[in-house]
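These are the residues of each chain, in order.
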Amino acid sequence: MKKTVSLILAAMMVFAVSLALAKTVEPESTETNGLAGTTIHATVGEYDAQAKTFTVTLYDDDRFDIDKIEKLEAGDTLLAGGRVYQVREKTEDESGDIMVVTADGEEIVFVQVGDDNMIAQSTDDDRRYMHAFGILRLPAAAAIRYEDNSDPDKAEAAVTEGLENILKIKAEKEENSIGFDFYGTIITLNDNMEIEVIHQDFDVAQ
């Protein structure tokens with residue numbers, strides 16, 4: 001009995017020490033410069049008919065320094081997808097992917113992209129962890145089109161052209177589903193920072 005109690009106390013002391021030495025890992029920030037001509041995740045919000053602009057919230061993948069993820073330990077704090085998690089355990093598979101189990105049981109997989117960074121993905125719904133980095137009011141291009149690829153049973157996206165038609169679809173999606181939410185929506189901007197394409201893929205929340 002004394003031996004068991006001693007082992008429990010020793011384990012508690014080790015965890016307490018790990019908490020005392022714990023660190024916090026955060027994703028690298030994203031800037032809003034250089035967006036013209038790019039495609040990016042976004043929530044396409046309210047359309048202001050007077051200003052002729054959409055309120056668009058821009059999102060980017062949380063990108064983590066690979067060295068920091070490799071050094072994560074039990075008790076460390078992790079900021080991902082705008083939420084704070086405490087690391088319970090960490091494992092690495094043969095492919096180099098790193099699995100983190102949080103204190104509340106959530107599993108987060110880190111996958112290497114490029115030479116120095118990793119992105120995070122939930123094992124529950126395969127969503128990537130992202131953060132909002134800017135709110136812009138962007139005009140629609142004259143030839144704006146909407147590509148609806150949200151139906152997994154259809155091989156090709158349904159294409160709708162014209163702002164008026166797209167606004168009707170947007171209102172319907174907001175009433176019956178998740179609207180043009182960033183998890184499933186990307187926008188393409190032209191060189192004048194006008195929205196040329198709103199593309200929507202399937203999302204588990206729709």
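Residues numbered from 1 in each chain as written. Predicted model: local features only at pLDDT ≥ 70, side-chain atom pairs only at ≥ 80, totals over all residues. Heavy atoms only, no water.

Another aspect to go through is the overall build of the chain. Along the backbone of the chain there are three helices and 14 strands. Expressed as a percentage of the 206 residues in the chain, the buried residues total 35%. Nonlocal contacts in the chain, meaning residues at least 24 apart in sequence, comprise 55% of its contacts between residues at least 6 apart. A total of about 12200 Å² of accessible surface is found on the chain, and carbon and sulfur atoms cover 49% of it. (Helix = DSSP H or I, 4+ residues; strand = E, 2+ residues; numbered from the N terminus. Buried < 20%, exposed > 50% of the residue type's maximum accessible area, 1.4 Å probe, protein only. Contact = heavy atoms within 4.5 Å. Areas by Shrake-Rupley, 256 points an atom, 1.4 Å probe, with all protein chains shown as cover.)

Moving on, we come to the sheet that holds strand 4 (residues 63–65). An order of 1-5-6-7-8-9-4 is seen for the seven strands of this open sheet, with the pairing classed as mixed. A single partner strand is all that each edge strand has here, and the edge strands are strand 1 (24–25) and strand 4. Alignment of strand 5 (residues 77–80) against strand 6 (residues 83–92), held across four bridges, turns out to be antiparallel. By the bridge assignment, Leu 78 is partnered in strand 6 with Tyr 85. (Pairing = 2+ DSSP bridges.)

Summed over all chains, the structure comprises 10 salt bridges. Note that Arg 83 and Glu 106 form a salt bridge whose closest N and O atoms lie 3.8 Å from each other. Within this pair, whereas Arg 83 is found in strand 6, its partner Glu 106 is found in the loop between strand 7 (98–102) and strand 8 (107–113), the two being separated by 23 residues in sequence. For Glu 106, a relative accessible area of 15% puts it in the buried group. (Salt bridge = Lys/Arg side-chain N within 4 Å of Asp/Glu carboxyl O.)

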